[in-house]
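Now for the letters of each chain:
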Amino acid sequence: MTITIKNFCTATVIAAAIGGTSSVSAEISAENDWGKIQFHGSLRALVTKEDGRETDVIDGISRIGIKGFVNLSDNWKGTYRLEGRVVMDDGVIFSDANDYHKRVTYVGLKNKKIGEVRLGKQYSPHYLWTIVPIDITFHNPRHYNIRWNASENSSIREANSLAYFSPSYNGFTFGTLFEIDGGDTESSGVDSYNIAAKYNTGPWQIGLSYYDRSDDKRSNGAIKPDAETIATAIQYKENSHKVVFRYQNEDISDGTVFKTIGAYYSYSFESGITPQLRIYSLDNGNIQGYQTAIGVSKKFNKYGEVFIDYTNYDDEAATLKKRADDISLGIKISF
């Protein structure tokens, strides 16, 4: 049986109308004794002008998919998430042009007292707890500061992975992830692993992560040096204020030690307007540079957003990131 996008979307809406317990205005979902299925997505498009490049309409890493759970017993749920890349500027749905386009696809088992185990391609605890609070606050993915030499595939979405996320113990949660890729040329067992923890108390969240990559061949075929990475992110959110500090140290097997230090601040007005500022220090031991980003966004409820961002590089940061000053404005619709 062939399932088209049209049929999939139609079936999801019908399911929500028949069995859904959530408001359609909040989400397109169906939930009953058997479990839950939710159609979700985030559509993002930008007009961007980077020095040395022509003005361009680009996609901002859009995606659509389904996620949810199946009730297996009174205590156990089967969890799942299936996601496809949408390339807004080229009009491609479910693109697989390269590894960066391949999205989250996992299946798991979850118990409130024991935690959750997942298998597939998924976000690492490193990404969720030390990168998300600061990096995706701005909208042009060209200027994210995720480091690729040490963490390609891992710090965003790790393929061939087994992960565990614990329950919360009075605000403390820990997670582990193991990449096990039999096609790797260097190792025969675990190719890389991540151990991380976070602690939430009041307006504070503290994340700490250790990542060890011991494989030379990434899942997209790129050959990259091994590395050991430690990172921490400290986040404060209260009322309209959000403050984040992030530190990362990568000890790369080619002898490079790369340090990334970032600071972020935003203030959200009742009107939905949020000005924000982020500064990154990038240091590989020989060159140290700074990236500064400022922006303003306007949110409409939880689902719509328009924004304008400006990113500036000094000469050293431009060399390290291979990017230049950029201004971007665009639209984001999430559901």
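None of the values given here were measured: they were computed from a predicted structure. (Residues numbered from 1 in each chain as written. Predicted model: local features only at pLDDT ≥ 70, side-chain atom pairs only at ≥ 80, totals over all residues. Heavy atoms only, no water.)

K.L.:
Any details on the pairing of strand β2 (residues 35-50)? Residues and values, ideally.
P.N.:
Pairing between strand β1 (residues 28-32) and β2: five bridges, direction antiparallel. Paired with I28 across the bridge in β2 is F39. The antiparallel hairpin formed by β1 and β2 contains two residues in its connecting segment. Of the strand pairs in this sheet, β2 and strand β4 (residues 62-71) are connected by eight bridges, and their pairing is antiparallel. Counted as the bridge partner of Q38 is K67 from β4. Bridge analysis of β2 against strand β19 (residues 326-334) gives nine bridges, and the strand direction is antiparallel. Looking at the pairing, S42 lines up with S334 of β19. Examined bridge by bridge, β2 and strand β3 (residues 56-59) share four bridges and lie antiparallel to one another. Counted as the bridge partner of V47 is V57 from β3. Connecting β2 to the next strand, β3, in antiparallel fashion are five residues, including G52 with a positive phi near 90°. (Pairing = 2+ DSSP bridges. Helix = DSSP H or I, 4+ residues; strand = E, 2+ residues; numbered from the N terminus.)

K.L.:
If you had to explain the pattern of salt bridges to someone new, which residues and values would you point to?
P.N.:
Applying the stated criterion across every chain, the model contains eleven salt bridges. Between R323 and E50 there is a salt bridge, with the nearest N and O atoms lying 4.0 Å from each other. Here E50 lies in strand β2 and R323 lies in the loop between α5 (315-321) and β19, a separation of 273 residues in the sequence. E50 sits in the buried class, given a relative accessible area of 3%. Measuring nitrogen to oxygen at the nearest pair gives 2.4 Å for the salt bridge that ties D59 to R85. With D59 in strand β3 and R85 in strand β5 (residues 77-87), the pair connects residues that are 26 residues apart, well separated along the chain. What emerges from the salt-bridge pattern is a single network uniting E50, R53, R142, R323 and D326. (Salt bridge = Lys/Arg side-chain N within 4 Å of Asp/Glu carboxyl O. Buried < 20%, exposed > 50% of the residue type's maximum accessible area, 1.4 Å probe, protein only.)

K.L.:
Pulling in residues and values, what's your account of the packing of aromatic side chains?
P.N.:
This model, assessed by the stated rule, comprises ten aromatic pairs. With centroids separated by 6.0 Å and ring planes inclined at 85°, the aromatic side chains of W129 and F165 adopt a geometry described as edge-to-face. Of the two residues, W129 sits in helix α2 (residues 125-130) while F165 sits in strand β9 (residues 158-165), which places them 36 residues apart along the sequence. Summarising the burial analysis for this pair, W129 and F165 share the class buried. Taken together, a centroid distance of 4.9 Å and an interplanar angle of 70° make the contact between Y267 and F269 edge-to-face. Within the aromatic cluster, the residues linked to one another by ring pairs are Y164, F172 and F174. Positioned above the aromatic ring of F300 is the side chain of K298, whose terminal nitrogen or guanidinium carbon lies 5.3 Å from the ring centre. (Phe/Tyr/Trp six-rings, centres within 6.5 Å; stacked < 30°, edge-to-face > 60°. Lys NZ or Arg CZ within 6 Å of the ring centre and 35° of its normal.)

K.L.:
So what's going on with the confidence of the model for the protein chain? Residues and values would help.
P.N.:
Counting all residues, the mean pLDDT for the protein chain is 86, and 84% of those residues have values of 70 or more. A low-confidence stretch, residues 1-25 (pLDDT under 50), is modelled with 24 contacts involving residues beyond four sequence positions or located in other chains. In the model, residues 149-154 has pLDDT below 50 throughout and makes 26 contacts with residues more than four positions away in sequence or in other chains. (pLDDT = per-residue confidence, 0-100. Contact = heavy atoms within 4.5 Å.)

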